[in-house]
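Descriptive structure summary
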Amino acid sequence: MKTVGLRSIVLYILLFAFLGGMGWFLANLFINGSRWAMQPYNGHIHIDGSMGEVQDRDGNILAYTEDGSRAYSESEATRRALLHTVGDTEGFISTSVQYTFRDELTGYNPVFGLNRTVFSGSTVKLTIDSAACTAAYNAMEGHNGGAIFYNYKNGNILCKVSAPGYDPISVPEDIDSNPDYNGAYLDNTLSGAFTPGSTFKLVTSFAAMEKWPDTWTGLTYSCQESEDIGGSDVTCLGYHGEQDMQTALGNSCNLYFAKLANDIGAADLQKAAEKLGFNKSLDFSSIEIAPSECKLEGANANELGWAGVGQYTVLVNPYHMMTVMGAIANGGAYVEPRLTEDSGLFGSSGGSRALMSGVQANNLKAMMRGTVSGYYGDWLFPEGMNVCAKTGTGEVGETREPNCWMAGFCDSDSYPIAFAVLVEESNNSLGAAGAVVNAVLSELIS
Ligand SMILES: [Zn+2]
């Protein structure tokens, strides 16, 4: 009996060891399987015809496999416009659909591996409008930057373009040495953060509403074009005289917002910015969005003044800016953006996140609408779009032309579209970024 007992204990130990080992193996296969299958030495996955199609929202084919090679849209402008969204054949653009959706596109699954007779490479249909992306790319006129537009009611990303880029069917040989291609593998809308200039005045306005919810409308400051704040001058583009928040936003008066930022104080301005999502990274499916930054600890009065107008060390990520615009448009909460309508594949299940109260959202919306109708001109955009927006010109040093921004949305049930557009090294935000907004909106309503 004693012997039998000992034997069964040994058997149990062996059995547990075996099951434990199998469990460990299966867990690893499940967790890492797709990564192992996509290693470079498994390069055949990319080229042997197993990857399915990538389509835009209208079923236009953006990428497919032909004779064992990856092929892209016929139009060169469309290939370039969609590069960072669709992705490259080599897998360098790690935020792209071909990279992040590789399991769906190759038909990989943890049970059957790459067995295509069971699961053939499937089609991934995006929410993107490829014509709108091409329109944005063309309107950027060769400048670097980024443009991202989405439907703020259902979260569908309609346009996402980044530059610099290249043509995925003829990768430039000097891509790693030519400075013109610096950052060509990065999607600026997701992985970039840039000096926002006056678009940040919306954040400073929001901070004032947070601090003085009942009395902010009475805040006035005067502008004499240039004024010593904290030992050196803060300058404005005009001599605006007495300003309230609406006129200051319309005129984009630096002195109004520099003085307002000092009255709000560094801690409260940063706290309000953080409520809107600054200083933390948003998740977009498996992608970590580059954080927008507003870190004001230790800033002196002059630096705080410049921070209030979107200079100093303030940085903004375009995807994040678009979500803030989505929140203002949508009563204070933004719907999470998505690239496919199948929940779980890329980002959103349609959830929303509140950034501000409905009252604050409506107040900001009214001022942005007043800025377009009273200062920029509705003629800049397709008729009836009811655009609410703010431009920005982010100064980035003596030797470079500034960043030109436009952030906003259409206050429209028919076209619930929010956007953030950045055109680098330009000097006319209304002209350069406004042209991209106009081109995309025109395409989306056609
Ligand atoms: Zn001014």
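Residues numbered from 1 in each chain as written. Predicted model: local features only at pLDDT ≥ 70, side-chain atom pairs only at ≥ 80, totals over all residues.

Each neighbour pair has its own omega, and for Ala163 with Pro164 the value is 10°, a cis peptide bond. Structurally, Pro164 is set in the loop between β6 (157-163) and α7 (188-191). The phi angle at Tyr312 is positive, at roughly 55°, despite the residue not being glycine. Take Tyr312: it is sitting in the loop between α12 (301-308) and α13 (318-329). (Helix = DSSP H or I, 4+ residues; strand = E, 2+ residues; numbered from the N terminus.)

Summarising burial for strand β16 (residues 403-410): 8 of the 8 residues are buried, a large majority. Of the two faces of β16, both are covered, the one formed by Asn403, Trp405, Ala407 and Phe409 as well as the one formed by Cys404, Met406, Gly408 and Cys410. Here strand β15 (residues 387-394) runs beside β16; their pairing, made up of 8 bridges, is antiparallel. Paired with Cys388 across the strands is Phe409, a residue of β16. (Buried ≥ 20, exposed ≤ 12 C-beta atoms within 10 Å, placed from the backbone. Pairing = 2+ DSSP bridges.)

With their axes 11 Å apart at the nearest point, helix α8 (residues 201-211) and helix α14 (residues 358-376) run at an angle of 140° to one another. With respect to α14, the axis of α8 lies oblique. When the axes of α8 and α14 are compared, the crossing they make is right-handed. Judged by residue contacts, Leu202, Ser205, Phe206 and Met209 of α8 engage Gln360, Asn363, Leu364 and Met367 from α14. Its residues assigned to classes, the contact of α8 with α14 comprises 5 nonpolar, 3 polar and no charged. (Axes fitted to C-alpha atoms, helices over the stretch in contact; angles between N-to-C directions. Parallel < 35°, antiparallel > 145°, perpendicular 65-115°, else oblique. Left-handed = near helix turned anticlockwise from the far one by under 90°. Contact = placed C-beta atoms within 7 Å. Nonpolar A, V, L, I, M, F, W, Y, C, P; charged D, E, K, R; others polar.)

Across the sheet, 4 strands lie side by side as β3-β2-β1-β4; this open sheet has mixed pairing. On the outer flanks of this sheet lie β3 (69-72) and β4 (124-125), each paired with one strand and no other.

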